Amino acid sequence: MAAVVLKNITKAFGSVVAVDNISLEIPDGQVTALLGPSGCGKTTTLLMLAGIYQPTRGEIFFDEVMVNGIPPKLRNVGLVFQSYALYPHMTVFENIAFPLKLKKVPKDEIRQRVQDIAKVVQIDDLLQRKPAQISGGQQQRVALCRALVKNPDLLLLDEPLSNLDARLRIETRAEIKRIQQELGITTILVTHDQVEAVTMADQVAVMRNGVIQQYSSPEDLLLKPANMFVASFMGDPPMNLMEAELSSENGKSVFRCGSELKIPVPDAIAAALQSRRDREFILGVRPENLELLDEPHELAVPGTVFMVELLGRDKLVDFRFGEVALRALVPADVAVSQGEKKWIRPQAHRIHLFGKADRQAVPLAG
Amino acid sequence: MKRRGYGMIVLLLLPALLIILAFYVVPAVLTGTMSLTNMDHRLSWNFVGLDNYKAMLQDTILSRVFWNTLLYVFGTLLCFNVTFGLLLALATSYIAERQAERTSMFFRALWLLPRFTPPIVYGVIWLWILDPTRNGLLNGILNFFGGRPVSWISEYPMPVIILTNGVIGASFGMILFYSAITSISKEYTWAAEVDGAGWLQRIRYVTLPLIRWPLMFVTAYQTLSLLTSYEYILIITGGGPFYRTTVWSLYAYNEAFGGYYASYRFGYATALTLVLVLISMVASIIYWRVFRFREMMSEPKIEVI
């Protein structure tokens, strides 16, 4: 097991900078996710941890030992590829045994260890098959076995679930989590799927264009996004984001969003903004943090339902205010129909503000 | 409608059929027929039944030619067309992997040069390299280090023809193996590295098994093409000294068109070539079975998921 530290890591391919000066501390024995859209540098970071790529600048430490320049075979990491990369000419057994065979582990011990790990992952009845003769989910487990059989200090997973169908994905997600906890192995997971990151990881680093946007617990990513990118990337359905100008009307502060929407400012926020000079923000509020009321309320805005979408357990209720759209998520059993008039009240402590210029979160008390 | 489609098919196939008929079927039938005659420089069709085939059984030189052929084909194959071609492919792909794509390309192009060179020029270059006097390249070098000139061609005729054919032949394997190696998914390479494989182990356990179809294909294909190739031998050693480098196809050629043996025994020569066709067919069937080419036909040629 190992704690991993990345210090000012940069990786450039020619003039293209894939990873731009990132620093991360990855705690021992936990699952850490690198989350971001494709091309954000997350896989490059993973391959640097494996030793396949060498960082252009910066240092990587495993348990305070610098590993720059140490080749993959000496790093004792297990890596599961997105495509699994199982050797097609070897049986499942030979695939899993391969790392041990290269380490010249005695044959009996290899047999024992392969069978043990295969049992943990529940593929012990497939050992004599070739990869082409087993399903995608089983291949995934074999790849996991091959990575785990050498008792690695670090388990690296590159999009481990993206080649599986939806149902299998949920099962495998839980399965990997179970195995990880059973073995207590430090795990780094690369994914573009926020659900995967949030459900599997103890902490998540959101990346974009080779830069870490936020590194925090999954809860904080959703509740306290550090900037507008994280706010818009996380959450499904996506956060309502709109330009908002702080102004006052009849002695009360309001956010003017476009020409037709005026959102009353809760007192706590008004107080927090008092010391700031800028008046223009990006206002964000998640659909699940918008309450629909039948009666007027001082912090609610009146709106007419433009469209209702049923999403299984929830309904997505769409309001339009000129060019600005507001979407609210309510339980499916709430009666609401198109053309109906409702009062929309954002939960005061769930309103996010971002600076209009820098797109960084504006600190709001509470 | 159906009838018209049929006519169209015939029309489209006709040019190819005519070409095959004119340049393959007719010569094949003529050759077969000719092998039943004792045709010589007078070119008369004088049928003698199976006399030519019976003569082959009594031909004391033929067994020597047979062993020469075997040695030449498998020697060239093992030393150069497969092994050396593979080494070149591995070396150039290793260079390319280290971000030196241009260097790699340069070396591959270099090894293709012999193939682009007209055979007669290529042969003459070798004759100069191997010249028994001090004017030859090899002997010049030997002389520089104080050695005595060696009569390469008369002393080592078989290694000479294997080498000269191999230097050309290796490029075929090189090109095929190189493209097979570079089309192996990078993730296999990375997986092998993470699993703890060094470069040699990676080649042995991952690369070679993944390119086994190209390897077997090149072996089989080059066997057949070496069985019928004789032009460089003809130019460089002429089959000598005293039949020591005469392979089956060259023997047939010499029986027909002479060289310094000047025989013009067309009947016997065609019988020899027909037996060579038979040998090639047997070789193909053996390869087909041993290498399980039926599987190759039904699968992608390079195993990449």
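Further up the page is the structure itself.
Described in the following lines is the structure provided in the data block. Just so it is clear, the model here is predicted, and its values are computed rather than measured.

## Side note on the overall build of chain A
Move 1: Of the regular secondary structure elements, chain A holds nine helices and 20 strands.
Move 2: For chain A, the C-alpha atoms occupy an extent of roughly 85 × 45 × 35 Å along the three principal directions.
Move 3: Each of the 366 residues in chain A was classed as buried or not, and the buried ones make up 51%.
Move 4: Within chain A, residue pairs in contact and separated by at least 24 positions form 65% of the contacts whose partners lie at least 6 positions apart.
Move 5: When the accessible surface of chain A is summed, it comes to about 16800 Å², and 48% of that surface belongs to carbon and sulfur atoms.

## A short note on the pairing of strand S14 (residues 280–285) of chain A
Residue and element names in this part refer to chain A.
Move 1: With five of six residues buried, S14 lies mostly within the body of the structure.
Move 2: Across six bridges, the pairing between strand S11 (residues 240–249) and S14 is antiparallel. Each bridged residue has a counterpart across the sheet, and for asparagine 240 the counterpart in S14 is valine 285.

## What to know about the sheet that holds strand S12 (residues 252–257) of chain A
Residue and element names in this part refer to chain A.
Move 1: A sheet is described by the order of its strands in space; here five strands give the open sequence S13-S12-S11-S14-S20, paired in antiparallel fashion. In the strand order of this sheet, the two ends are held by strand S13 (261–264) and strand S20 (352–355), each with one partner. Direction aside, the axes of adjacent strands within the sheet are offset by 40° on average.

## Looking at the pattern of salt bridges
Residues and elements named next belong to chain A.
Move 1: Counted under the stated rule, the structure contains 21 salt bridges over all chains.
Move 2: Here lysine 42 ties to glutamate 159 by a salt bridge, and the two come within 3.9 Å at their closest N and O atoms. Here the residue lysine 42 occupies a position in helix H1 (residues 42–50), and glutamate 159 occupies one in the loop between strand S7 (154–158) and helix H5 (166–183), the gap between them amounting to 117 residues. In this structure, lysine 42 and glutamate 159 share a single accessibility class: buried.
Move 3: Across the pair glutamate 280 and lysine 356 runs a salt bridge, and its minimum N-O distance is 3.1 Å. Linking glutamate 280 in strand S14 with lysine 356 in the segment after S20, this pair joins segments that are 76 residues apart in sequence.

## Examining the packing of helix H3 (residues 60–97) of chain B against helix H4 (residues 101–116) of chain B
All names here are of chain B.
Move 1: Contact geometry for H3 and H4: axes closest at 7 Å, N-to-C directions at 160°. By the criterion of interaxial angle, the relationship of H3 to H4 is roughly antiparallel. Here the hand of the crossing between H3 and H4 comes out right-handed. Residues Phe84, Leu88, Thr92, Ile95 and Ala96 of H3 pack against Glu101, Thr103, Ser104, Phe107, Arg108 and Trp111 of H4.
Move 2: Counted by class, the contact of H3 with H4 contains six nonpolar, three polar and two charged residues.

Cut-off values and rules
Residues numbered from 1 in each chain as written. Chains lettered and ligands numbered in written order. Predicted model: local features only at pLDDT ≥ 70, side-chain atom pairs only at ≥ 80, totals over all residues. Heavy atoms only, no water. Helix = DSSP H or I, 4+ residues; strand = E, 2+ residues; numbered from the N terminus. Buried < 20%, exposed > 50% of the residue type's maximum accessible area, 1.4 Å probe, protein only. Contact = heavy atoms within 4.5 Å. Areas by Shrake-Rupley, 256 points an atom, 1.4 Å probe, with all protein chains shown as cover. Pairing = 2+ DSSP bridges. Axes fitted to C-alpha atoms, helices over the stretch in contact; angles between N-to-C directions. Salt bridge = Lys/Arg side-chain N within 4 Å of Asp/Glu carboxyl O. Parallel < 35°, antiparallel > 145°, perpendicular 65-115°, else oblique. Left-handed = near helix turned anticlockwise from the far one by under 90°. Nonpolar A, V, L, I, M, F, W, Y, C, P; charged D, E, K, R; others polar.

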